[in-house]
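# Overview (structure and organization)
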Amino acid sequence: MSKDIDRLRDMAFFAEVAKAGSFTKASLAAGIPTSTLSRRISEFEADIGVKLFNRSTRRVSLTETGSRYLQQIDDIMQQARLVNDELDGETSNPSGVLRVGMSSDFAVYFADTHFAEFRERHPKISFEISMVSPQTDLATERNDLAIVIGDPPPNSRLIARRVTHVRRHLYATPAYLARHGAPAHPDQLADHACLFTAETDNGGGWLLKRGAESVLIQPKPLVATNSQSVIKLLVAQGQGIGLMGRTYANASLCAGRIERVLPEWELDPQPLHILSTSRLLPARARVFVDFLTQRLERTA
């Protein structure tokens, strides 16, 4: 039994070093000296007869075998963490570091809109937020969760929870519309400065719908960018008409700084998913998923 416990502990140490990419960082997280951690990993490698890490004076990286081994033990370690969470009473008082991957746009939105409230509710949870794309391999990034707007990557290892659909509309400032006139039909957008994002549909155009009617508009964009935040800033400056998810636009809309353009028309909504590598989530991740689901359902 003692040997089994030691093996599980060494597996956890291995996973911590793999996530941190550094014995020094992993030793801080594990609460043991770096020399002790390095020795235990070396003994673990000798015990299982496999080299798990490539070591140099500057960095530590997984061998090919180590990478495969990490994937194989991932579910075991998540289940062990879940059991420990329950035993430690974390369910009633979640704590620890929550590692979340999200786009830079969503990170800005979350920090500006929801972070303070979540922090007030769960003061013992801290965050590591990394910028990811929808194609990011969550298992490789070692995040607990990832937030993706659009369809999740075709990866059978990932569990996708569809939280909501983000409704998308066109917006501009009242000052811009006063200067240039508010379009009464999508065809009139050709006469306006249009701000596009990379997520724009249909090969660089907007497919606008009103009931059963649909119109594909492909005006020459004033700005094309892969950043929703840049679009929001330019719209707020009165530079043109931009496409935004209502989630991003709500605060400015409610304050009267921007208004909807062609309010009877809209684009197809985009699904928002929270991805994980397991259905067994630690308490800190579960409360975050529940919190975000409730808030986004209100604003999407």
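About the cut-offs
- Residues numbered from 1 in each chain as written.
- Predicted model: local features only at pLDDT ≥ 70, side-chain atom pairs only at ≥ 80, totals over all residues.
- Heavy atoms only, no water.
- pLDDT = per-residue confidence, 0-100.
- Helix = DSSP H or I, 4+ residues; strand = E, 2+ residues; numbered from the N terminus.
- Pairing = 2+ DSSP bridges.
- Axes fitted to C-alpha atoms, helices over the stretch in contact; angles between N-to-C directions.
- Parallel < 35°, antiparallel > 145°, perpendicular 65-115°, else oblique.
- Contact = heavy atoms within 4.5 Å.
- Nonpolar A, V, L, I, M, F, W, Y, C, P; charged D, E, K, R; others polar.

## Looking at the confidence of the model for the protein
When the pLDDT values of the protein are averaged, the result is 83; 85% of them are 70 or greater. By mean pLDDT, helix 7 (residues 138-141) is the weakest element of the protein at 55, and helix 8 (residues 174-180) is the strongest at 95.

## Looking at the pairing of strand 6 (residues 159-172)
Here 8 bridges tie strand 6 to strand 13 (residues 267-276), and the two strands are oriented antiparallel to one another. Bridge assignment links valine 166 to a residue of strand 13, and that residue is glutamine 270. Inspection of the sheet shows strand 6 paired to strand 11 (residues 241-245) by 4 bridges, in the antiparallel sense. Opposite histidine 169, over in strand 11, you have methionine 244 as the bridge partner. Bridge count for strand 6 against strand 12 (residues 259-261) is 3 bridges, and the pairing is antiparallel. In the sheet register, tyrosine 171 faces strand 12, and the bridge partner there is arginine 260.

## What to know about the packing of helix 2 (residues 23-30) against helix 3 (residues 34-48)
Close contact between helix 2 and helix 3 brings their axes to 9 Å; oriented N to C, the two are set at 105°. By the criterion of interaxial angle, the relationship of helix 2 to helix 3 is roughly perpendicular. Contacts between helix 2 and helix 3 involve Phe23, Thr24, Ala26 and Ser27 from the first element and Thr34, Leu37, Ser38 and Ile41 from the second. A class-by-class count of the residues in the contact of helix 2 with helix 3 yields 4 nonpolar, 4 polar and no charged.

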